[in-house]
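# Inside the fold
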Amino acid sequence: MIILVVNAGSSSLKYQLINMEDESVIAKGNCDRIGIDGHLAHKTSDGRKIDEDCNFPTHTEAFMKLVEVLTSGEGKVIDSMDEISAVGHRIVQGADVFDKSVLVTDEIIEKIDELRELAPVHNHAHALALRACKSVIPANVPQVVVFDTAFHQTMPPKAFMFGLPYEDYENLHVRKYGFHGTSHRFVSAALAEAMGKDAKDLKIISCHLGNGSSITAVNAGKSVDTTMGFTPLDGVIMGTRSGAVDPSAVTFVADKHGFTPAQMSDYMNKKSGFLGLSGIGSDNRDIQEAALNGNAKAQLVCDMLTYEIQKYIGAFAAAMNGVDAILFTGGIGENSWEVREAACSNMEYFGIKIDYALNKTIRGKLQKISTPDSKVEVWVVPTNEELLIARDTLALISK
């Protein structure tokens, strides 16, 4: 059984073709710069690559190219789209409307589009991609949507509510939603399996660290709190996002700069974080290199990131009345031994001890990095959101 996994952005269409018999990736790629000019990058499991400029006025043309490259020419891996059993789509914002993955209907697409105010960069693009996919993919091929926010729908009101007037929640749906749910669900389940335990018996703190970062408390396999909030802006400092900021500081800065709300949002989402503080860039590798070379602002960014990770570990251990394991995932979490080491240093009070020598050797593979006498196990767990989407899709169509 073959499943196509699609992750659509405002100007991109990433995809993976997965053979569910052994969960191997047959081909993957990205249709980029949609609505600008267009570019395709495609790679097959046997090493063939296609890299070419294309004309992508809309997501429909991108899907047409996707079908073309999968079924013909140098990148061909299947004879026709009839060989695909289903398509699984990643959706960023499901709000409190969707608490699980669902089959795609016209009504579901409309509801996703209606939620675009809560994720203006993503949800309308998702809806466009879903409609484009329906126009290109054979009608008998079922489609499934998997929501980033669904995993966090188990948070209790005391965790997801804000201290604003209650009618803002009732009328405007203003609350914490959380994001990276697909990743947190995958890695927490993978960790339980690696530990040889039932997820229901574990209290896990999942640290998804990348250009966008979030930390989630997973108790008995369910999200009970997370750092990202109403949007992905809240929580720890990130590549270009500020993370948590006193709201009064936001209004003060906006007033001093003469920003509109939209301009202030852009300022905090795209010009802050690692980039804004360091003046160097948004990539953690560049920040770490600059810090090693004595750049004080870069060192400040490193210190802030690891301090905030430790602070949330402490907070979530309190929220769950304990912690059995901490995991690191995402581009930074899986590959930066420096961030993992700093985040786990001086945490003996919580019973956290890592093998510093072993930690330095681990990049992007499943591995326990805590010492035998550590009361809390610490792991590196590679994430695979596309595989989880494929598994959800398979489960739904099998029903």
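See the structure above.
Reference entry: report on the structure contained in this document. (Residues numbered from 1 in each chain as written. Predicted model: local features only at pLDDT ≥ 70, side-chain atom pairs only at ≥ 80, totals over all residues. Heavy atoms only, no water.)

## Comments concerning the overall build of the protein chain
- Regarding its fold elements, the protein chain presents 15 helices and 14 strands.
- Its C-alpha atoms give the protein chain a radius of gyration of 21 Å, near enough to 21 Å, the size a compact globule of 399 residues would have.
- For the C-alpha atoms alone, the extent of the protein chain along its principal axes is close to 60 × 55 × 45 Å.
- Long-range pairs, those at least 24 residues apart, make up 60% of the contacts in the protein chain between residues at least 6 apart in sequence.
- Element-wise, carbon and sulfur atoms account for 50% of the exposed surface of the protein chain, whose accessible area totals about 18300 Å².
- Distance from the positive charge centre (38 side chains) to the negative charge centre (51 side chains) of the protein chain: 4 Å. (Helix = DSSP H or I, 4+ residues; strand = E, 2+ residues; numbered from the N terminus. Rg over C-alpha atoms; globule rule 2.2 N^0.38 Å. Contact = heavy atoms within 4.5 Å. Areas by Shrake-Rupley, 256 points an atom, 1.4 Å probe, with all protein chains shown as cover. Lys, Arg positive; Asp, Glu negative; His and termini not counted. Charge placed at Lys NZ, Arg CZ, Asp CG, Glu CD.)

## Structural notes on helix α10 (residues 284-292)
- When we look at burial in α10, the residues that qualify are Asn284, Ile287, Gln288, Ala290 and Ala291. End-on, the buried residues of α10 take up no more than an arc of 165°, which puts them together on one face. Of the exposed residues in α10, the ones pointing more than 90 degrees away from its buried face are Arg285 and Leu292.
- Buried residues along α10 sit against α9 (273-278), α11 (296-320), α12 (330-335) and α13 (337-344). (Buried < 20%, exposed > 50% of the residue type's maximum accessible area, 1.4 Å probe, protein only. Arc of directions from axis to C-beta.)

## Side note on the sheet that holds strand β1 (residues 2-8)
- Judged by pairing direction, the sheet is mixed, and its eight strands sit side by side in the order β5-β4-β3-β2-β1-β6-β8-β7 without closing on themselves. Both edges of this open sheet fall to β5 (49-53) and β7 (102-103), since each of them pairs with a single strand only. (Pairing = 2+ DSSP bridges.)

## Re the environment of glutamate 23
- Looking at where glutamate 23 falls in the secondary structure, it is placed in the loop between β2 (12-19) and β3 (24-32).
- The class of glutamate 23 is partly exposed, set by a relative accessible area of 31%.
- Each C-alpha atom, one on glutamate 23 and one on arginine 241, is 34 Å from the other, the two residues being 218 residues apart in sequence.
- Beyond its immediate chain neighbours, meaning those up to four positions away, glutamate 23 contacts Ile18, Leu387 and Arg391.

## Observations regarding the environment of alanine 298
- Inspection of the secondary structure puts alanine 298 in helix α11.
- Accessibility expressed as a relative area gives 0% for alanine 298, which makes it buried.
- Setting aside its immediate chain neighbours within four residues, alanine 298 contacts Ser278, Ile280, Ile287, Ala290 and Ala291.

## Focus on the packing of aromatic side chains
- Counted by the stated rule, this structure contains seven aromatic pairs.
- Ring plane angle 10° and centroid distance 4.3 Å describe the contact between phenylalanine 98 and phenylalanine 147, whose orientation is recorded as stacked. Note that phenylalanine 98 is positioned in the loop between β6 (84-91) and β7 and phenylalanine 147 in strand β8 (residues 143-147), a separation of 49 residues in sequence.
- On the basis of relative accessibility, which here comes to 6%, the residue phenylalanine 98 falls in the buried class.
- Here phenylalanine 259 and tyrosine 267 contribute two aromatic rings whose centre-to-centre distance is 5.0 Å and whose plane-to-plane angle is 55°, an arrangement assigned as tilted.
- According to the relative accessible area criterion, tyrosine 267 is partly exposed, its value standing at 27%.
- Clustering of aromatic rings is evident, with ring pairs tying together Phe160, Tyr166 and Tyr169.
- The ring of phenylalanine 160 carries arginine 175 above its face, with NZ or CZ at 3.7 Å from the centroid. (Phe/Tyr/Trp six-rings, centres within 6.5 Å; stacked < 30°, edge-to-face > 60°. Lys NZ or Arg CZ within 6 Å of the ring centre and 35° of its normal.)

## A word on the nonpolar core
- Core analysis: the biggest nonpolar cluster contains 36 residues, and Ile205, Cys207, Ile215, Ile309, Ile326, Phe328 and Ile352 have the highest contact counts within it.
- The biggest single contributor to this core is α11, with ten residues.
- Apart from residues no more than four positions distant in its own chain, phenylalanine 328 is found in contact with Cys207, Leu209, Gly333, Glu334, Arg340, Ala343, Cys344, Val378, Trp379, Val380 and Val381.
- Formed by 30 residues, the second largest nonpolar core is a distinct cluster that contains Leu17, Ile34, Val67 and Ile84. (Core = buried A, V, L, I, M, F, W, Y, C linked by side-chain atoms within 4.5 Å.)

## Remarks on the pattern of salt bridges
- Under the criterion given, the structure shown has 19 salt bridges.
- When the shortest N-O distance is used, the salt bridge between aspartate 99 and lysine 100 registers 3.8 Å.
- By relative accessible area, which is 53% here, lysine 100 ends up exposed.
- In this structure, a network of salt bridges that share partners links the residues Glu110, Asp113, Arg116 and Arg131. (Salt bridge = Lys/Arg side-chain N within 4 Å of Asp/Glu carboxyl O.)

## Considerations on the pairing of strand β11 (residues 222-226)
- With four bridges joining them, strand β10 (residues 214-219) and β11 adopt antiparallel strand pairing. Paired with threonine 216 across the two strands is threonine 226, which belongs to β11.
- Between β10 and β11, which follow one another and run antiparallel, lie two residues, and alanine 220 among them has a positive phi close to 55°.

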